[in-house]
6 protein chains.
Amino acid sequence: MMNRLLMTGAAGGLGTQMRTRLKHLAPTIRLSDIVEVTDPQAHEEVVTCDLGDKDAVEELVKGCDGIVHFGGVATEHPWDPICNANISGLVYLYEAARKHGHPRIMFASSNHAVGFHPQNKVIDNTVYPQPDGLYGVSKVFGEALANAYHSKFGIETAIVRIGSCFPKPTDHRMLSTWLSYDDLAGLIGRIFDVPRLGCPIIYGVSNNTASFWDNRQVKWMGWQPKDNAEDYRAEVDAAKSKPAKDAPEVLWIGGAYTADKIHE
Amino acid sequence: MMNRLLMTGAAGGLGTQMRTRLKHLAPTIRLSDIVEVTDPQAHEEVVTCDLGDKDAVEELVKGCDGIVHFGGVATEHPWDPICNANISGLVYLYEAARKHGHPRIMFASSNHAVGFHPQNKVIDNTVYPQPDGLYGVSKVFGEALANAYHSKFGIETAIVRIGSCFPKPTDHRMLSTWLSYDDLAGLIGRIFDVPRLGCPIIYGVSNNTASFWDNRQVKWMGWQPKDNAEDYRAEVDAAKSKPAKDAPEVLWIGGAYTADKIHE
Amino acid sequence: MMNRLLMTGAAGGLGTQMRTRLKHLAPTIRLSDIVEVTDPQAHEEVVTCDLGDKDAVEELVKGCDGIVHFGGVATEHPWDPICNANISGLVYLYEAARKHGHPRIMFASSNHAVGFHPQNKVIDNTVYPQPDGLYGVSKVFGEALANAYHSKFGIETAIVRIGSCFPKPTDHRMLSTWLSYDDLAGLIGRIFDVPRLGCPIIYGVSNNTASFWDNRQVKWMGWQPKDNAEDYRAEVDAAKSKPAKDAPEVLWIGGAYTADKIHE
Amino acid sequence: MMNRLLMTGAAGGLGTQMRTRLKHLAPTIRLSDIVEVTDPQAHEEVVTCDLGDKDAVEELVKGCDGIVHFGGVATEHPWDPICNANISGLVYLYEAARKHGHPRIMFASSNHAVGFHPQNKVIDNTVYPQPDGLYGVSKVFGEALANAYHSKFGIETAIVRIGSCFPKPTDHRMLSTWLSYDDLAGLIGRIFDVPRLGCPIIYGVSNNTASFWDNRQVKWMGWQPKDNAEDYRAEVDAAKSKPAKDAPEVLWIGGAYTADKIHE
Amino acid sequence: MMNRLLMTGAAGGLGTQMRTRLKHLAPTIRLSDIVEVTDPQAHEEVVTCDLGDKDAVEELVKGCDGIVHFGGVATEHPWDPICNANISGLVYLYEAARKHGHPRIMFASSNHAVGFHPQNKVIDNTVYPQPDGLYGVSKVFGEALANAYHSKFGIETAIVRIGSCFPKPTDHRMLSTWLSYDDLAGLIGRIFDVPRLGCPIIYGVSNNTASFWDNRQVKWMGWQPKDNAEDYRAEVDAAKSKPAKDAPEVLWIGGAYTADKIHE
Amino acid sequence: MMNRLLMTGAAGGLGTQMRTRLKHLAPTIRLSDIVEVTDPQAHEEVVTCDLGDKDAVEELVKGCDGIVHFGGVATEHPWDPICNANISGLVYLYEAARKHGHPRIMFASSNHAVGFHPQNKVIDNTVYPQPDGLYGVSKVFGEALANAYHSKFGIETAIVRIGSCFPKPTDHRMLSTWLSYDDLAGLIGRIFDVPRLGCPIIYGVSNNTASFWDNRQVKWMGWQPKDNAEDYRAEVDAAKSKPAKDAPEVLWIGGAYTADKIHE
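Residues numbered from 1 in each chain as written. Chains lettered and ligands numbered in written order. Predicted model: local features only at pLDDT ≥ 70, side-chain atom pairs only at ≥ 80, totals over all residues. Heavy atoms only, no water.

- The name that an unreviewed UniProt entry assigns to chain A is Uronate dehydrogenase, with the source organism given as Silicimonas algicola.

## Quick look at the overall build of chain A
- The secondary structure content of chain A amounts to eight helices and nine strands.
- Scaling as 2.2 N^0.38, a compact globule of 264 residues should have a C-alpha radius of gyration of about 18 Å, and chain A matches this with 18 Å.
- Across its three principal directions, the C-alpha atoms of chain A cover 50 × 40 × 35 Å.
- The contacts in chain A between residues at least 6 apart in sequence include a share of 67% that link residues at least 24 apart.
- Total accessible area computed for chain A in this model is approximately 9,100 Å², and 50% of it derives from carbon and sulfur atoms.
- A gap of 6 Å separates the mean positions of the 26 positive and 32 negative side-chain charges of chain A. (Helix = DSSP H or I, 4+ residues; strand = E, 2+ residues; numbered from the N terminus. Rg over C-alpha atoms; globule rule 2.2 N^0.38 Å. Contact = heavy atoms within 4.5 Å. Areas by Shrake-Rupley, 256 points an atom, 1.4 Å probe, with all protein chains shown as cover. Lys, Arg positive; Asp, Glu negative; His and termini not counted. Charge placed at Lys NZ, Arg CZ, Asp CG, Glu CD.)

## Thoughts on the sheet that holds strand β1 (residues 4-8) of chain F
Residue and element names in this part refer to chain F.
- If you walk across this open sheet you meet the seven strands as β3-β2-β1-β4-β5-β6-β9, and the pairing is parallel. Of all strands in the sheet, those bounded by a partner on one side alone are β3 (44-48) and β9 (201-204). Neighbouring strand axes in the sheet, compared pairwise and without regard to direction, differ in orientation by 20 degrees on average.
- Relative to strand β5 (residues 104-110), strand β4 (residues 66-69) runs parallel, the two sharing four bridges. Across the sheet, residue His69 finds its bridge partner in β5, namely Phe107.
- Running at roughly 155 degrees to β1, helix α1 (residues 13-21) makes contact with β1, β2 (28-33), β3 and β6 (157-162) of the sheet.
- The strands touched by helix α3 (residues 79-99) are β4, β5 and β6; relative to β5, the strand with the most contacts, the crossing angle is about 165 degrees. (Pairing = 2+ DSSP bridges. Axes fitted to C-alpha atoms, helices over the stretch in contact; angles between N-to-C directions.)

## Observations concerning the relation of the copies chain B and chain A
- Laying chain B over chain A is done by rotating through 180 degrees and shifting 0.0 Å along the axis; what remains is an RMSD of 0.0 Å. In symmetry terms, the pair is related by a two-fold rotation axis.
- In this assembly, 100% of the residues forming the interface of chain B have copies in chain A that are likewise at the interface, indicating an isologous arrangement. (Least-squares fit on C-alpha atoms with pLDDT ≥ 70 in both.)

## Considerations on the sheet that holds strand β9 (residues 201-204) of chain B
Residues and elements named next belong to chain B.
- Sheet architecture is open: seven strands sit in the order β3-β2-β1-β4-β5-β6-β9, paired in parallel fashion. Looking at strand neighbours, the two that pair on one side only are β3 (44-48) and β9, the edges of this open sheet. Going across the sheet, the axis of each strand differs from the next one's by a mean of 20 degrees, ignoring polarity.
- By the bridge criterion, four bridges tie strand β1 (residues 4-8) to strand β4 (residues 66-69) in an arrangement that is parallel. Opposite Leu6, over in β4, you have Ile67 as the bridge partner.
- Relative to the sheet, helix α2 (residues 54-61) contacts β1, β2 (28-33), β3 and β4, its axis offset from that of β2 by approximately 165 degrees.

## What to know about the interface of chain D and chain F
- Taken residue by residue, the interface counts 16 residues in chain D and 21 residues in chain F.
- Of all residues in chain D, Pro195, Arg196 and Trp220 of chain D bury the most surface against chain F, accounting for 43% of the area lost on that side.
- Along the contact surface separating chain D from chain F lie three salt bridges.
- Of the charged contacts, one joins Asp193 of chain D and Arg233 of chain F as a salt bridge, the two residues approaching to 3.7 Å between their closest N and O atoms.
- Counting across the chain D and chain F interface gives eight residue pairs in polar contact (both at pLDDT 80 or more).
- Grouping the amino acids of the side of chain D that touches chain F by side-chain chemistry returns six nonpolar, four polar and six charged. (Buried area = accessible area lost by both parts, 1.4 Å probe. Salt bridge = Lys/Arg side-chain N within 4 Å of Asp/Glu carboxyl O. Polar contact = N/O pair within 3.5 Å; in protein donor to acceptor, adjacent residues only side chain to side chain. Nonpolar A, V, L, I, M, F, W, Y, C, P; charged D, E, K, R; others polar.)

## Section: the packing of aromatic side chains
- Under the counting rule described, the total for this entry stands at 51 aromatic pairs over all chains.
- Centroid distance Phe141 of chain C to Trp79 of chain D: 5.8 Å. Interplanar angle 50 degrees. Geometry classified as tilted. Highlighted residues: Phe141 of chain C in helix α4 (residues 134-153) and Trp79 of chain D in helix α3 (residues 79-99), drawn from two different chains. Of the two residues, Phe141 of chain C and Trp79 of chain D, neither departs from the other in class, the shared state being buried. (Phe/Tyr/Trp six-rings, centres within 6.5 Å; stacked < 30°, edge-to-face > 60°. Buried < 20%, exposed > 50% of the residue type's maximum accessible area, 1.4 Å probe, protein only.)

## Description of helix α4 (residues 134-153) of chain A
Residues and elements named next belong to chain A.
- The end-to-end C-alpha distance of α4, which contains 20 residues, comes to 28 Å, matching closely the 28 Å that a straight helix rising 1.5 Å per residue would cover.
- For α4, a buried count of 17 out of 20 residues is recorded, marking the element as mostly surrounded by other parts of the structure.
- The first or second residue beyond α4 is Gly154, which carries a positive phi of 80 degrees. (Expected span 1.5 Å × (residues − 1).)

Shown next as C-alpha cells:
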C-alpha cells in the first residue's frame, strides 16, 4: 500500500469523482490543481500548483509514492496553455519523479491521441498515434515521455487513453467511448495493485458492446470493467438525432475534435 | 517544380551539405538558421531566425512552396532549448504552413524517436515510438504534429527518421545506421517529386547490408539509396575496438543516447 | 427510420422468418420473390420479380431506402440459374440502387464464400475468400460488387456471411455455424441503425461457444448475438453420429459443399 | 514439357507479343480469339471462338495440357460483354479443364481486382480484393473460380494480377505498375516450369523501384523480373505533366478506372 | 466413445484428480505410473510402468484408443530422469501409438515451454517456444514430437500447456495461471469429443480475468472454462505479500522456474 | 578475436569444408569428431570425442571461446544414436559452456526442424517448428535448449537452419535450399564478429532466386550470401526429371524426409 498518493487536476471533473472513490489507496491523498481544491477531508492534503512552475511541481511530487495525473488542459486549447501545462508541466512532473523515489504514475492520456483512426476499425494498443489536434498531440508527447522515462529510468506509468468519462453516455459516439466513474476507479485500483506495471497503454473504456477499442493486450492486469453504454442506447436515441454517415462524430474516433479548428 | 524552397537549419551539418546538392529543386532556396548562414549564392536567400519566435517563423515560411526542416536542436539537450525550437518552434512552423499555402514539408525526425527498440529486431514504420531521451521525445512530438496537420488540413510531410548522416560510418553502430549525404539528397529529391506524398515515415538510411530498418512500406516513393556502410567495415574495425555485447551501442537503436543522462 | 424497406427472397426460409421480426424497421415493407409471397399484411407490398430481369429489378428498388437482399439461388446449383439471379441479378440490383437514392443494403453472403478455409483455424473478416463451389463463387462476386459500389459510389452494404440459419442446430457442424433467427433479426436491426455503415464483412453466427469465426473487427456495430448452439450439443449428439475425422463436415468451413459435385 | 499450349485472346495486345516469346513452351501452340488470329506459323493452330459459347470452349480446351488465358474483355465495359466472356466464359473454360485433363492455367487477372487499395501502401497477395469497376469485379470472380477449382479438383492456376503491360511506361502511374513483355514471358515460363504450382496470386509487375506490390510470398517460384520502369522516369517526366496530389491516377492502384463511370 | 482410455502419471496430482472426473470417457480406464496406483476401481486397470522401458510402454499402449499423458517428470529435475521419462519415454509412447491403432492423445505440456515470454504481453498459441529450463525444454521436445507424428502419421494430439493446476490459486502468479481441476476435466472431455482434433496447442488455464494467454485460436473446440482465479484474489492478497516488480514471479510466465538453477 | 575455436563434427562434410575456410577466426582451432580427424595442421588441435560422453564433452569445451557445433547425427536415424549425440550430447555441450566461460556457439540446426511447412509459402524465423522426423525433432530440441541457455545464462547461440550444403545444387528442391560452402563460411564469420549476437534463428541458405525462406529479421547481422542456386537450374533440369506435383520433394520444405519412415 502506498503512503501518499498525489492526484493532480483534483478540482476537475474526474478528480472530483475520484477523490471519494480512491481514498482506500493510501492513508494520505495529496490533491493539487491550478484552482483551489475545496472541502479537504482529514486524509487529504491540498496544494495549489501551476504545472508550468518547475520548482512547485518538484515540491508537489516529493514524498509521494504514487501519482494519478489528471492535471493539465483537458480539451482543445490554444498552444500556450497546452505547452505550459501538458508539455513542460509533464516534463517537470517526470523530472520530479525521477529525482524523488520513482513513484508509479497513472497518466491520463486521451482517445484524441488516436483521434484520426476510423471508428469502424477496432484498434488495439499497438497502433501508431494519429492525434486530432494540439491537445491530442500533447497527449502523444506525454505517452512518449512516459515511455522514455520507463525505458531509461524504470519509472512505471499506466498510459490510460480515456474515452468519454461522464455520468452516462449522452450521444451516439459515447455508446462506444463511455467510461463510467466506477470503471475508471476500478482501473486505477488495478494500476496501483499489480506487482509489476511496466508502461502499458490501456484504453479507458467501459465494457461497451459497441466499443472500437481492444484491450486484450493488457488482460494480464486483471481489469474487467463492469458498466456498458449499451444500457443507455434507447435513452441516447430518444434524446439525440442520429449523426449523418459522413459526420466527424461517426467517422473518426476523436469525433468532433477532428473537425475542430486550431485555437489561435 | 517549386518556386521557393525553404531550408531551416541551413548552417548546420546537414544543411551545409544539402545546400549544394538540392539547388536543382527550386530557382530560389531560402536558407535560415539561428546563426548566420554564410556565403550566400545568387539563388539563395538568407534569413536568420529563432524558431521560437512565432512571428519570425510565419514570415520565414510565407512565400515558400516547400520546406526542408533541419532546424532545431539536433542532439540531447536541456529541456528549455528543446521546448523552444523543437516543440514550440515546430508548432509555429506548421501554423505558418497552414496559413500560407500548405507547402510540402520534409521533417527531419530521428532514429532517437525509436531509440529504445532493440538493434537485433528489424522494424518497419508501423512500430510504436520508443524515444531515448528528451530529444527523441521532441521528435515523436514532431511526428505527431505532422500527422495531425496532414489528417486535419492536408499538409503533406515526409517524416524522415535520420540515422547517422556523416561523410562515412565511423563506429560499429553506424555500419547499420549510416546515411550518406548523396542518399539523403536523393531522398529529398523524391519527396518533392512524388505527385502525392501523404504523411509517410521513412527511415533515412543508406543501402546498408546490416541495416535494422525496413523501408518496404514506402517503396512506392521510388527511392533507392545507393551507398552501403558495409564498404567501410574494415576501416571501422581497424579504427575502433568492438563494443561489449551489453553496451548500449549494440543493444538499442539509439546507441549511447539510451544511456545518456537527462541534461538538467 | 426508413420509409420503405425492400426484402428480396421474401418467400424463402429466411425471408419468411424475417417478415415478422423486421416490421419495426419501416412503415412499409416491400416483399419480393420469384414465386408469389403469400398472405401480405397491411404494411407489406408484394412484388413478384425475377432478379434476372433488369427492368423489373429497377422498378423493384425504386422508392426504397433500405434493402435486405436474401434473393437469388441459396444453395449449390447449375451455372445458369446462379448466373441469372446471383450474378446478373445482383448487378441489376446495385445499378438500380445507384440510380435511385443509394439505399443501404444488407447482402446475404454465405460461409461458402470461405468454405475451403479449415474449421480448426479461427478466421476473421480479412481473409482472402476460398469458395467451395459455383454458389460460393457467386457470393464472392457479390461481395466484390458491393465493395466496388461502396468505393466508387458510396453505397453502403453490410456483407453478412450467413452460417446455418435454422430453428436450431441439427448436426455437429452447426454447433459452430448456427445463426438463430432472432440473432439474424438483431443483426439486421443494427445494420440499419448504425449512423455510418461502410461496407463491413460480418459473420452471421450466433454466440456459439464453438464458433470458428471472429467478429471482433465489427464490434463497433454494437451487435451482440444472444443464442448459443452449445445449448443443443446433447441433442445433436443424441440425434447424429459423429462424423469421421477426415469427413468434409469437420475439415472445412463449407462442410459437405466442399465435396459436392458441380451441377452440370 | 507440354504437348499443346492454348493461348486465348491471342489476337490481342498481350497475345500478339507472347506468340513469339512463348513458342519454346510446347511444340504446338493453339491460338484462339473472338476475332481471327492472323499469320499462323507452322507450330500454331488457330481457332476462332467466342468464350461465351460453352460447347466451342469445351472443344477449344480439349487436347491442351496448358492454358494461357488472356481472353475476354480487357478494360471497363458494359455488363453484357463482361458477363458473356469474363464470367460465363471463364466458367466454361474451367468446366472444360475439369473434364479434359486438368491443364495448368495462367489466368490473366488484373490490378483492377485491387484497384481501390491506395497507392501509398505496399500490399502483398493476401489482401482482400477491392475492385474498381465491373471489369475489376469480373477479375475477382475469376480469381475465386480458379481458387475453387483448385481446392475442389486440384486444377492449378497462376493468378497473375497484371499491372500495365506495354512496350514502356508512358505515365507516372506506370512507373509503379509497368510490366515489360519480356518479364511477362519470363513469368509465364516459370508458371509452366515449377513442378508444383498450386493456386498462387502473383503481381505481374517488372522489377520497378517504385512498385507498390510485394511478391515476396511467391519468391519460391523463382521468378525474378529484370526490367525497371525507373529507367524511363525522365522520359515520362518530359512527356507528361505530373498529376495533382488528389487525382485518381495517384490515389488508387487502379488509377483512372476508379473514377470511371459504369458503362451502361 | 472410446473402449479403453490410458492415463499415465495416474498416481500423481493431476492423475489422482482426473481418475474420478474422467470415468465417463470410457468403460475401461487403464492407469499407469512408475509408482503403484492405489485403490483400483472396477472399471480401472492398473499397470506399473517406467516410461523409459520401451517394451513396457509398447505393452501399455496396446489396446487403448485414447491416452491422457500426464506421465514423466513434472518439475525441474536433473537431466537423467528428464531424458529417461520425458524424452525417450515420449518417443516410446508415440512409437507405440504409431504401431497400435493411432490412439488420440492428450499431451500434458507446460507453461514452462514458453516460460521466458514476459507476463505483460498476452500470447497466443503461435509464438515460438521460450523454455525456462531442462524441464521446459523437454516439453518443447514433446510438442515437436507430437507435431511430427501428426504431420507424418496422422496421430492426433492435443498439446495442453498446463498453467497451475491446483485446488485453488495460492500466489499472485496463479491469479493468471490457475487451472481448476474441473476445467481441466472439461477440456479433456472436449479433446476426446471433437470429431477432428488435429494437433492444436491449448493453454490449460481457467477463465481467469488476469490471464496472459489467449486461446482464441482453439475456440472451435468448444471449450469454455468456468472457474476464475479472480475469485481468490483477496485470499491471495491476505496470505502472501506482493512480489517486487523485478521478481521472476512477475516478470516471466514461468515464474520462479526462470531463476532456478540447473539441477546437476 | 577468439583464442581457440572448437569445431565439432570436424570430420564430416561441413566440418571438412569449413576447416580451411574458418582458420582466420582464431589462432587455434580445436577439431573434434567421433571418428578421427585426419591431417591436422599446425594451428589445429584434434580431439576424438563421443558427444554422449559427458565428461569428455566438458574437457572438449574447456578453454574454447567459440564453438561451431556440426557434431551429432546429421540425417534421419534410429532413436538411440539421435538421443545419444543430438539430445544428451547437446545438453552436455551447453552445460560445459555454462561452466567454462560461456563461449559463443554456432548451432547447426536444420531445415528439417520446419520440414513440414509447405514449400509454396515463404516463412521467416518466427514460425512454430514443424519437424519432419526424429532428426528434425532433435533439432527443435537443440533450438529450445540454446534458447533456454540464452534466456537463463546469457550464452549466445546462432541457430542456423541449414538448407542443403553441398558443392552445388543437384535436384530441384536444392534450387531453393542450397547453401554454398563459401556462404556458410561467410555466415559463420559474421556470427563470431557481431558485437552482440543474442540467440537468433537464421536460415542457412544462399542468395537463391527461388528461396522459400526469408532472413529479413536477421538483416542487422550484416550477412549477405553471394551464391545463387539459380545459376545451376539448367544443369539440374538436364540431369534430373522434374518431380510430380504431389511428390514430397515439392510439397514440403523437408522434401523426402517427410515421407521417410521412422528408423526403428
